[in-house]
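Here is how the chains run, residue by residue.
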Amino acid sequence: MSNIKASLTERKYLMTFAFVTSLFLLWGVAHAMSDVLNKHFQNVLHVSKAQSGLIQLSVFGAYAIMSIPAGLFMKRFGYKAGVLFGLALFASGTFLFVPAANAESFGMFRLALFVLGCGMATLETVAHPFAAALGSQETSDQRLNFSQSFNAVGTIIGPAIGSYFLLRAGGNEGSDLGSVKSLYVSIGIAISIIAVLFSLIQVPNLEAGHHGVEAHISLEEKPLWRQSHFIWAVIAQFFNVAAQAGTWSFFINYGHDVMGFSDEQAANYMIIFMAMMALGRFVGTFLMKYIAPNKLLGIFALGSIMSCLLVAQAWGWVSYGALMMINFFFSIMFPTIFSLGLKSLGKHTQQGASFISMGVVGGAFFPLLMGLVANQNVAQAYYLPIVCYVVIASFAFWLYKIKK
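Residues numbered from 1 in each chain as written. Predicted model: local features only at pLDDT ≥ 70, side-chain atom pairs only at ≥ 80, totals over all residues. Heavy atoms only, no water.

**As for the side chain of R143**
Here is step 1: Position of R143 relative to the elements: it lies in helix 8 (residues 140–171).
Here is step 2: Under the relative-accessibility criterion, R143 is labelled buried at 0%. (Helix = DSSP H or I, 4+ residues; strand = E, 2+ residues; numbered from the N terminus. Buried < 20%, exposed > 50% of the residue type's maximum accessible area, 1.4 Å probe, protein only.)

Pasting the structure below:
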């Protein structure tokens, strides 16, 4: 384990790197729980599959609004202040679940999720370049994938918690929002404690992330909009998160409609689904020692295309296994696209990170499109993410290259 740590970061950064990595786990829990909320609100508030996609619009739409302000805040006040600001917004969003539950209002829940999403957008905007700066640029791809592995662990914890407290506690009764309120208040308290602990950590002085062996003055002087590898990274990230949000949003519906599971059973299988992503990230981090990150990204994108084709056929366990594999192949995409897009940006790194984070807005719209198809046939809705993976494969094989 010590050899792994040495390859990822330096000893002086270990404590800070551990805390930053914990943030990846934190928003992984929240993202995955929003997918359980998707089904819970269908049951309790009697919204359709397409209407429940507005949950993702609330969360991911916050990225479109908050990512650039978060980047500016980080550039002005630094990484640590950015993290604390994100945690404060995150906690505020969870506490807003109390009045939303009391009012039994889907609109108020969406407002709470929007504020929570602003917190997650801030954390993601800050945490990625923060982690990238905690060591050499040469190992930044591995470092981000390692941190994102714990984000995947969070996505395992999220459905487990959500299934137990929401689908089991209130889903069958059809009118219980008390479990939602109690759960999110508990999360808010935990986030507040983490914020206090992080405020006590001494963060070493850091240069702008990705300002290393490949950073050239000529590149730093070029504006971001003239750096094609960065522009394509923003586009690839848009389609990547679009595919993720759509795939996750209707996983429980697929288990219910195609496989005949109860809501609670389908949510329990989601734990395995998320475990596949965690496995993929640890495997991907290891493989990047031997395979160039962009090539591995392209291979995984092709695997996702094949998996989507199988899922859309609704061939029972064969298709359900392919659905599980989508998350394995999805595993390395977000951090690898992020890292490839930040390469050699130098002084533009923090601003670049905010734009790549804003690409996450793709997740706001795609569940709505998939929901329209899923209202008729949830299996055929999985044809739509194929378009996203074609874009990602193109970025991985050709469009990632840095042009001087």
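So, next bit.
**Structural notes on the packing of helix 4 (residues 54–77) against helix 7 (residues 106–133)**
Here is step 1: The interhelical angle for the contact between helix 4 and helix 7, taken along N-to-C directions, is 40°, at an axis separation of 6 Å. The angle between the axes of helix 4 and helix 7 places the two elements in the oblique class. In this structure, the crossing between helix 4 and helix 7 has a hand that is right-handed.
Here is step 2: Its residues assigned to classes, the contact of helix 4 with helix 7 shows 18 nonpolar, seven polar and two charged. (Axes fitted to C-alpha atoms, helices over the stretch in contact; angles between N-to-C directions. Parallel < 35°, antiparallel > 145°, perpendicular 65-115°, else oblique. Left-handed = near helix turned anticlockwise from the far one by under 90°. Nonpolar A, V, L, I, M, F, W, Y, C, P; charged D, E, K, R; others polar.)

**Remarks on the side chain of T247**
Here is step 1: Looking at the secondary structure, you find T247 in helix 11 (residues 228–249).
Here is step 2: Residue classification places T247 among the buried positions, given a relative accessible area of 1%.

**A closer look at helix 16 (residues 333–342)**
Here is step 1: The buried fraction of helix 16 amounts to ten of the ten residues, a majority that puts the element mostly inside the structure.
Here is step 2: Taken residue by residue, helix 16 has M333, F334, P335, T336, I337, F338, S339, L340, G341 and L342 as its buried positions.
Here is step 3: Looking at the residues trailing helix 16, positive phi occurs at S344, about 60°.

**Considering helix 17 (residues 349–358)**
Here is step 1: Burial within helix 17 is extensive, with seven of its ten residues counted as buried.
Here is step 2: The set of residues buried in helix 17 consists of T349, Q350, G352, A353, S354, I356 and S357.
Here is step 3: In this structure, the buried side of helix 17 is in contact with helix 4, helix 5 (79–95), helix 7, helix 11 and helix 16. (Contact = heavy atoms within 4.5 Å.)

**Remarks on the environment of G316**
Here is step 1: The topology assignment puts G316 in the loop between helix 14 (293–311) and helix 15 (317–330).
Here is step 2: Under the relative-accessibility criterion, G316 is labelled partly exposed at 25%.

**Concerning the environment of F328**
Here is step 1: Within the fold, F328 resides in helix 15.
Here is step 2: Taking the relative accessible area as the measure of exposure, F328 reaches 13% and is therefore buried.
Here is step 3: In sequence terms F328 and S304 are 24 residues apart; their C-alpha atoms lie 8.6 Å from each other.
Here is step 4: Contacts of F328, omitting those with residues within four sequence positions, involve M276, M277, L279, G280, V283 and F300.

**Some remarks on the packing of helix 4 against helix 17**
Packed helices, taken two at a time, are described by the angle between their axes plus the distance between the axes.
Here is step 1: Viewed as axis vectors pointing N to C, helix 4 and helix 17 meet at an angle of 165°, and their least axial separation amounts to 8 Å. Here helix 17 runs roughly antiparallel to helix 4, going by the angle between their axes. Crossing handedness for the pair helix 4 and helix 17: right-handed. Across the interface between the two elements, Y63, A64, S67, I68, G71, M74 and K75 of helix 4 pack against Q350, S354, F355, S357 and M358 of helix 17.
Here is step 2: Of the residues belonging to the contact of helix 4 with helix 17, the class tally is six nonpolar, five polar and one charged.

**Observations concerning empty space enclosed by the protein**
Here is step 1: Enumeration over the complete set of coordinates arrives at three cavities of 30 Å³ or more.
Here is step 2: Taken as a whole, the largest cavity spans an internal volume of roughly 120 Å³.
Here is step 3: Surrounding the largest cavity, 14 residues form its lining, H31, E124, N151, Q244 and F334 being those nearest its centre.
Here is step 4: Mapped onto the lining of the largest cavity, the elements with two or more residues apiece are helix 2 (14–44), helix 8, helix 11 and helix 13 (263–287).
Here is step 5: Here the element with the most residues in the lining of the largest cavity is helix 11; it accounts for three residues.
Here is step 6: In terms of residue class, the lining of the largest cavity is made up of eight nonpolar, four polar and two charged. (1 Å grid on protein atoms, 1.4 Å probe; cavity = no way out; pocket = protein on both sides within 12 Å on 5 of 7 lines; lining within 4 Å. Points joined across faces, edges and corners; volume = space filled by probe spheres on them.)

**Digging into the packing of aromatic side chains**
Here is step 1: Going through the model one piece at a time under the given rule, you end up with 29 aromatic pairs.
Here is step 2: Here the aromatic rings of F334 and F338 are separated by 5.8 Å at their centres, their planes lie at 40°, and the arrangement is tilted. A residue pair is termed a helical-turn pair when its members lie 3 or 4 positions apart in one helix, as F334 and F338 do in helix 16 at four residues.
Here is step 3: Ring-pair connections join several aromatic residues into one group, and the members of that group are F251, Y254, F261, Y269, F273, W317, Y320 and Y382.
Here is step 4: Directly above the ring of F77 sits R76, whose terminal nitrogen or CZ lies 4.9 Å from the centroid. (Phe/Tyr/Trp six-rings, centres within 6.5 Å; stacked < 30°, edge-to-face > 60°. Lys NZ or Arg CZ within 6 Å of the ring centre and 35° of its normal.)

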